[in-house]
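Listed below, chain by chain, are the residues.
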Amino acid sequence: MGRIVLDKVEKNFGEVTVIPPLDLEIEDGEFVVFVGPSGCGKSTLLRLIAGLEDVTGGAIRIDGEDATAVPPAKRGLAMVFQSYALYPHMTVRKNISFPLRMAKLDKAEQDRRVEQAAAVLNLTEYLDRRPGQLSGGQRQRVAIGRAIVREPGAFLFDEPLSNLDAALRVGMRLEISELHERLKTTMIYVTHDQVEAMTMADKIVVLQAGRIEQVGSPLELYRAPRNRFVAGFIGSPKMNFLEGPEAAKRDAQTIGVRPEHIAPSPSEGMWKGRIGVSEHLGSDTFFHVHMEGYANPITVRSGGEVAMHHGDTIYLTPDAERIYRFDDKGLRIV
Amino acid sequence: MATEHSRSAARLMMAPAVFLLLVWMLVPLTMTLYFSLKRYLPLRGGDLGWVGLDNYVRFVTSSSFWPSVQTTLIIVGGVLLITVVLGVFLALLLDQPMWGQGIVRILVIAPFFVMPTVSALVWKNMLMDPVNGLFAHLWKFFGLAPVEWLSQAPIFSIVLIVSWQWLPFATLILLTAMQSLDSEQLEAAEMDGASPFARFGHIVLPHLGQAITIVILIQTIFLLSIFAEIFVTTQGSFGTRTLTYLIFQRVLESQNVGLGSAGGVYAIILANIVALFLMRIVGKNLDA
Ligand SMILES: Nc1ncnc2c1ncn2[C@@H]1O[C@H](COP(=O)(O)OP(=O)(O)OP(=O)(O)O)[C@@H](O)[C@H]1O
Ligand SMILES: [Mg+2]
């Protein structure tokens, strides 16, 4: 239950092509994350899978059966919306049981499933409240509860954590991952936050302007990005890109090196620069180093407590093994 | 307005408005109460002195009192029913994306701008007239005998005319409410397996609850005192005499100001009873 295949799926809004023909296979039980910058078509793709939008071309297959023309309710998928989309005039219990009532399940079974979902999501105390009386995190859990009780073939999440504050987001991230471990159901998760993508996904799909740039496990994308876009998108802080003589020396248009793959030193190294802003996080320090001849500063990670400060001269040595080279089209040279 | 100073300043600024409102309400109310306790016949001797509660007793014991209350309630109820049901329906329709939406919306609102007297005259002479009316022609076209609307179905006719006038108001308020419904809620319900009817019943209608309450309350206030529509159509005959119309007849046709004023006080009481009932039934929708 929950193998989803997109076969040349295409979507236009009037004249505008939002998703050019696209192929993707999602295995049963996988946690797939769609990431990409704002407006790249992540939500649209998710809504196509859900059936809330009609495809312009191509086919969607769920568990081997053509679902392209199947209405949303019949696809066996459950969706958690960014705005939660809870029903404001119903209690939490009524909200969670809504899909079961629509499916005309018998009352005892409804109660059993609602109680079970509420227990899993720590909502038992709140069952008789209305959504308006809950905090953002609790509303989020109600929305997830409403999805769980249907026992769907796959869950679709559209940026479910973007309305929560940072601390709560970390907590909910873990809860959703745990839920996936327990249910082993396919989950498709849309986000533009690469940290969420890296921490939660079995498989990341990086999108740009409706096109798939690369598909792979988090570490695959981290270690072997196919092109400059993916290299820049995955990893935090972003990869540094250098053009000009340093790139030419290595037969490339651009070279990229991650902040964590550069060794800083106060006395000797390959490149020389001056420290601009430095961010002390306690565990790590990030220096923004200005180098002669390069417009953008280079970000470098260093240990938590180092005795280098704003304005100091610094020497940088990139790890030769971890320098990525890109050609003039942005593709990585292997 | 937190500080003592700003509060007293605010009171000072509001004072003229409050004073005006008080005078506006209190003067007519006091005059009505004053006259209701007098025997006052302007063309037959004028002020004939105090009579105590005589007018009140005569007004309720008159054979036309209870029928007029009943007629009032039937007309108000009928118009509310038609405008709310059709209003929800029209709002649903107008909320759909369609070609020429702007123009259609203006057309739907238009009847509200027509004066009650004019619209009643138009309905009476152009639509409901048993000889020349459009309906008469329509009936004849199908080989039926034309209906004499205002004498054969007088209450229904008046309800129809008044509903036509108030439907735009209901539609407008309900449409605004409809547009504030989060489309993701409908999509969520669709994914949860709700049929279009279930979506309407479980999501749209509860969402409209507050707007429907407002429509009912506001319309009731105005409908309890409809007058022009009756005056230009049936003149209160054929059982269309509402409480308002009865008071009008007492004061102007019988030239009995005292009796009419007592009726006015009964009208105030009736309005309050209706309001109390409505607040009981639908008022809880306003809390949310
Ligand atoms: N109903 C629509 N009509 C026309 N264009 C649309 C419609 N819905 C989305 N688009 C366009 O499709 C593109 C992709 O939108 P989509 O909502 O999928 O982006 P997204 O990747 O989810 O972005 P975000 O991260 O900001 O949510 C955008 O350029 C948007 O303007
Ligand atoms: Mg989106």
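Residues numbered from 1 in each chain as written. Chains lettered and ligands numbered in written order. Predicted model: local features only at pLDDT ≥ 70, side-chain atom pairs only at ≥ 80, totals over all residues. Heavy atoms only, no water.

Considering the packing of aromatic side chains
Residues and elements named next belong to chain B. The tally for this structure, following the rule as stated, stands at 30 aromatic pairs over all chains. Ring geometry for tryptophan 123 against tryptophan 164: centres 6.0 Å apart, planes inclined by 70°, an arrangement best described as edge-to-face. With tryptophan 123 in helix α5 (residues 116–127) and tryptophan 164 in helix α8 (residues 154–179), the pair connects residues that are 41 residues apart, well separated along the chain. For tryptophan 123, a relative accessible area of 10% corresponds to the buried category. An angle of 55° between the planes, with centres 5.3 Å apart, marks the rings of tyrosine 245 and phenylalanine 248 as tilted. One end of the pair, tyrosine 245, and the other, phenylalanine 248, are both in helix α12 (residues 243–253), 3 residues apart, so they sit about a helical turn from each other. Both residues of the pair, tyrosine 245 and phenylalanine 248, count as buried. (Phe/Tyr/Trp six-rings, centres within 6.5 Å; stacked < 30°, edge-to-face > 60°. Helix = DSSP H or I, 4+ residues; strand = E, 2+ residues; numbered from the N terminus. Buried < 20%, exposed > 50% of the residue type's maximum accessible area, 1.4 Å probe, protein only.)

A closer look at the domain arrangement of chain A
All names here are of chain A. Split by domain assignment, chain A resolves into domain 1 (4–230) and domain 2 (237–333). In this complex, domain 1 contributes 8 residues to the contact, which on the side of domain 2 involves 11 residues. Approximately 840 Å² of surface area, both sides summed, lies buried where domain 1 meets domain 2, with 48% of it carried by carbon and sulfur atoms. When the area that domain 1 buries against domain 2 is broken down by residue, the three leading residues are Tyr222, Pro225 and Arg228, summing to 69%. Our enumeration of links across domain 1 and domain 2 arrives at 1 salt bridge. Ionic pairing is found between arginine 228 and glutamate 243, a salt bridge with its closest N-O pair at 3.4 Å. (Domains from an automatic or database assignment. Contact = heavy atoms within 4.5 Å. Buried area = accessible area lost by both parts, 1.4 Å probe. Salt bridge = Lys/Arg side-chain N within 4 Å of Asp/Glu carboxyl O.)

Some details on the pairing of strand β17 (residues 313–318) of chain A
All names here are of chain A. Here β17 shows one buried face, formed by Ile314, Leu316 and Pro318, and one open face, formed by Thr313, Tyr315 and Thr317. With 4 bridges connecting them, strand β13 (residues 262–265) and β17 associate as antiparallel partners. Looking across to β17, one finds that proline 264 is bridged to leucine 316. Bridge count for strand β14 (residues 271–280) against β17 is 4 bridges, and the pairing is antiparallel. Bridge pairing links tryptophan 271 to leucine 316 in β17. (Pairing = 2+ DSSP bridges.)

As for the interface of chain A and chain B
Each partner contributes to the interface: chain A provides 22 residues, whereas chain B provides 15 residues. Taken together, the two surfaces of chain A and chain B that pack against each other cover about 1,600 Å², and 62% of this comes from carbon and sulfur. A per-residue breakdown of the area chain A buries against chain B is headed by Tyr87, His89 and Met102 of chain A, which together make up 28% of the total. A salt bridge links arginine 47 of chain A to glutamate 187 of chain B; its shortest N-O distance comes to 2.7 Å.

Side note on a nonpolar patch on the surface
Residue and element names in this part refer to chain B. Taken together, the side chains of Met14, Val18, Leu22, Leu26, Leu29, Leu33 and Ile268 make up a nonpolar region of the molecular surface, amounting to roughly 580 Å² of accessible area. For the nonpolar patch, the element with the highest residue contribution is helix α1 (residues 4–36), accounting for 6 residues. Mapped onto the fold, leucine 26 is located in helix α1. (Patch = residues over 30% accessible without salt bridge, like charges linked within 9 Å, V, L, I, M, F, W, Y side chains within 5 Å. Areas by Shrake-Rupley, 256 points an atom, 1.4 Å probe, with all protein chains shown as cover.)

A short note on the site of ligand 1
All names here are of chain A. Close to ligand 1 lie Phe13, Val18, Ser38, Gly39, Cys40, Gly41, Lys42, Ser43, Thr44, Glu159 and His192, which account for all nearby residues. One of the backbone nitrogen or oxygen atoms of glycine 39 is found 2.8 Å away from an oxygen atom of ligand 1. A distance of 3.1 Å separates an oxygen atom of ligand 1 from a polar side-chain atom of glutamate 159. Coverage of ligand 1 by the protein amounts to 56% of the 630 Å² it exposes when considered alone. Among the elements that take part in the shell around ligand 1, helix α1 (residues 42–50) stands out by supplying 3 residues, more than any other. Residue classes in the shell around ligand 1 are distributed as 3 nonpolar, 6 polar and 2 charged. (Near = heavy atom within 4 Å. Polar contact = N/O pair within 3.5 Å; in protein donor to acceptor, adjacent residues only side chain to side chain. Nonpolar A, V, L, I, M, F, W, Y, C, P; charged D, E, K, R; others polar.)

Some details on the pairing of strand β9 (residues 203–208) of chain A
All names here are of chain A. Of all 6 residues in β9, 5 are buried; the element is thus mostly enclosed. In this structure, strand β3 (residues 31–35) lies alongside β9, joined through 4 bridges in parallel fashion. Paired with phenylalanine 34 across the bridge in β9 is valine 205. What sits between β9 and strand β10 (residues 211–216) in their antiparallel hairpin is a turn of 2 residues, with alanine 209 showing a positive phi close to 50°.

As for the side chain of serine 302 of chain A
Turning to its location among the elements, serine 302 of chain A is positioned in strand β16 (residues 298–303). Ignoring sequence-local partners within four residues, the contact set of serine 302 of chain A consists of Pro264, Asp284, Thr285 and Phe287 of chain A.

Focus on helix α5 (residues 166–183) of chain A
Residues and elements named next belong to chain A. Its 18 residues give α5 an end-to-end C-alpha distance of 26 Å, which sits within 8% of 26 Å, the value for a rise of 1.5 Å per residue. Taken together, the buried positions of α5 are Met172, Arg173, Ile176, Leu179 and His180. The buried residues of α5 occupy an angular sector of 125° when projected down its axis, which confines them to one face. Residues of α5 that are exposed and angled more than 90 degrees away from the buried face: Ala167, Leu174, Glu178, Glu181 and Arg182. Where the residues of α5 are buried, they touch β3, α3 (107–120), α4 (136–148), β7 (154–158), β8 (186–191) and α6 (194–200). The N-cap of α5, judged by a side-chain oxygen 3.1 Å from the amide nitrogen of alanine 167 a few residues on, is aspartate 165. (Expected span 1.5 Å × (residues − 1). Arc of directions from axis to C-beta.)

Considerations on the pattern of salt bridges
Applying the stated rule across the entire model yields 24 salt bridges over all chains. Here lysine 203 of chain A makes a salt bridge to glutamate 30 of chain A, at a shortest N to O gap of 3.3 Å. Here glutamate 30 of chain A lies in the loop between β2 (16–26) and β3 and lysine 203 of chain A lies in strand β9, a separation of 173 residues in the sequence. Take lysine 203 of chain A: its relative accessible area is 14%, and that puts it in the buried class. Across the pair arginine 146 of chain A and aspartate 192 of chain B runs a salt bridge whose closest N-O atoms are separated by 3.6 Å. Of this pair, arginine 146 of chain A sits in helix α4 while aspartate 192 of chain B is found in the loop between α9 (183–191) and α10 (196–223), placing the two residues in two different chains. The pair formed by arginine 146 of chain A and aspartate 192 of chain B is uniform in burial state, with each residue classed as buried. Each of the salt bridges in this network shares a partner with another, and the network as a whole consists of Lys11, Arg47 and Glu53 of chain A together with Glu187 of chain B.

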